[in-house]
Amino acid sequence: MFWSTAAKASRSRAVFAASVFTQRQHKTLTMTKAFSPSNRVAHFEKDVWSIFTPLAAETKAINLGQGYMNHPRGRARLRNAIAASYEPEFGRKLDPETNVLVTAGANEAMYATFAGYLNQGDEVICIEPFFDQYLSNISMNGGVPVYVPLRPPARAVDSTISSHEWRLDINELKAKITKKTKMIVINTPHNPVGKVFDEEELLAIGRVAEENDLIILSDEVYDRLVYPPLTKFPRIATLGNLWERTLTVCSGGKSFAATGWRVGWLIGPEHLVKHSFAAQTRVVFSVNSPCQEAMAAGLEAALTQPIFQEQTAAYLKKREILSKVFDELNLPYTMPEGAYYILVNTFKIAVPKDYPFPAELDTRGEDFKTCYWLTKEIGVCAIPPSEFYSKPHWDLAANFARFAFCKTDDILLQAVERLRKLKPYIRDDQS
């Protein structure tokens, strides 16, 4: 677990910190490649709306130049609330004008970042399993995804494990770096594994990024859903000098269980945020006002009320409701440290061999058939996680299914009753 690595992490921090002074000396030389914008945005001048919309708001001028528009960086109230909420998390002062960018959901934050930095053929390291939108966002902007998998321990086939036991082979990561690599994407808390990367793991990834002058795009949309025994969520941008090369993606929708509202934000140094911003102004320009105001109210309230703590407690109860039925069925699973998914090992489920699956599943991973059968015959829909892997690694997901517990307790209890219908299909042996 996380706590067992604390001593190692402390030693790693000491070694890492010792290199920071030298790294800072070469900062101007080593950051040139990674921090330069993509060709598609490098030629952009600031558009007229980005000059006059903020100017009118700042001076309280009567704006007859246009219809009503939001500030392209996000409404001031929300950016101020984000800065106030995240300054303690990042351990630094955040300037709402330069370190925060409000986006049309976390997905658009990532799209704008890929658009702002990737040129044709640039490579992006994606840690498998990954959120499927990463791939389209990268490829639509000319990038090439390169895959490095997390791997569970061998005992996951017959034992319930912690999500922390899924590990990244840092040497495998290093081996995938080429001269074309521009960026590493990490996701913590992780979807669908639920893993929270500890400081030692983040520092190791950070060293690879520094050694190869890479941008780190840290997808932290589940940052407000971290479970005991963890008491603090480790952020890669807070370690060593990694703030200088990290853009952190957050989600108001995930934080407040309102994903349909499509409000997210980027947090990072001005020299990185500005190129994501340059792309965003050509994609959506600004984000809807009502939902920004609602998110701002939520963040403001969370400064003085235990909103996130109470939400975490509620999700712990939901996790317990769902995990207990898998214990009852003797199906091993990965207990998540964060987010709201349980990865269940389905090896013991004996799906009828002569079941009539649709032809469209013939070209998909084996887990698609298991999840299809569960949906049709058991009445509970789970997601096949091979969708979050490159095809060469589909076998890593063949015996897993992702169940989400971000539902009402009543819905979860109904699902539990239906899942009990699996009992006749559970194999006792490991054949």
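Residues numbered from 1 in each chain as written. Predicted model: local features only at pLDDT ≥ 70, side-chain atom pairs only at ≥ 80, totals over all residues. Heavy atoms only, no water.

Caption draft 1: Inspection of the overall build of the protein at higher detail. Within the protein, the secondary structure is distributed over 16 helices and 12 strands. Over its C-alpha trace the protein gives a radius of gyration of 23 Å, about what one expects of a compact globule, namely 22 Å for 431 residues. C-alpha atoms of the protein, sized along the principal axes, occupy 70 × 45 × 45 Å. The 431 residues of the protein split such that 55% are buried. Of the contacts formed within the protein by residues at least 6 apart in sequence, a portion of 74% connects residues at least 24 apart. In the form shown here, the protein has an accessible surface area of approximately 18700 Å², with 55% of it arising from carbon and sulfur atoms. Between the mean site of the 50 positive side-chain charges and the mean site of the 48 negative ones, the protein shows a separation of 2 Å. (Helix = DSSP H or I, 4+ residues; strand = E, 2+ residues; numbered from the N terminus. Rg over C-alpha atoms; globule rule 2.2 N^0.38 Å. Buried < 20%, exposed > 50% of the residue type's maximum accessible area, 1.4 Å probe, protein only. Contact = heavy atoms within 4.5 Å. Areas by Shrake-Rupley, 256 points an atom, 1.4 Å probe, with all protein chains shown as cover. Lys, Arg positive; Asp, Glu negative; His and termini not counted. Charge placed at Lys NZ, Arg CZ, Asp CG, Glu CD.)

Caption draft 2: Region of interest: the sheet that holds strand β11 (residues 341-345). If you walk across this open sheet you meet the 4 strands as β4-β10-β11-β12, and the pairing is mixed. Bordering the open sheet on either side are β4 (161-162) and β12 (400-404), each of which pairs with just one other strand. In the sheet, strand β10 (residues 333-335) pairs with β11 via 2 bridges, with the strands oriented antiparallel. Paired with Tyr 333 across the two strands is Val 344, which belongs to β11. (Pairing = 2+ DSSP bridges.)

Caption draft 3: Representation of the side chain of Asn 141 within the structure. Position of Asn 141 among the secondary structure elements: in the loop between α8 (133-139) and β3 (144-151). Using a relative accessible area of 3% as the deciding quantity, one classes Asn 141 as buried. Not counting residues within four places of it along the chain, the set of residues in contact with Asn 141 comprises Arg 40, Tyr 111, Phe 114, Ala 115 and Leu 118.

Caption draft 4: Layout of the nonpolar core. Grouped together as the largest cluster of nonpolar side chains are 59 residues, with contacts concentrated most on Phe 114, Phe 326, Phe 403, Leu 419 and Leu 422. Contacts of Leu 422, omitting those with residues within four sequence positions, involve Leu 329, Leu 331, Ile 349, Trp 373, Leu 374 and Ile 378. (Core = buried A, V, L, I, M, F, W, Y, C linked by side-chain atoms within 4.5 Å.)

Caption draft 5: Region of the structure containing the pattern of salt bridges. All told, the structure shown has 22 salt bridges when counted by the stated rule. For the salt bridge of Glu 300 with Arg 77, the shortest nitrogen-to-oxygen distance reads 2.7 Å. Linking Glu 300 in helix α13 (residues 289-302) with Arg 77 in helix α6 (residues 76-90), this pair joins segments that are 223 residues apart in sequence. Because the salt bridges share partners, they merge into one network encompassing Arg 75, Arg 77, Glu 293 and Glu 300. (Salt bridge = Lys/Arg side-chain N within 4 Å of Asp/Glu carboxyl O.)

Caption draft 6: Looking closely at the environment of Ile 127. Structurally, Ile 127 can be placed in strand β2 (residues 123-128). The spatial distance from the C-alpha of Ile 127 to the C-alpha of Tyr 147 is 5.9 Å, given a sequence separation of 20 residues. Filtering out sequence-adjacent residues up to four positions away, Ile 127 remains in contact with Val 148, Leu 150, Leu 168, Val 185, Ile 186 and His 190.

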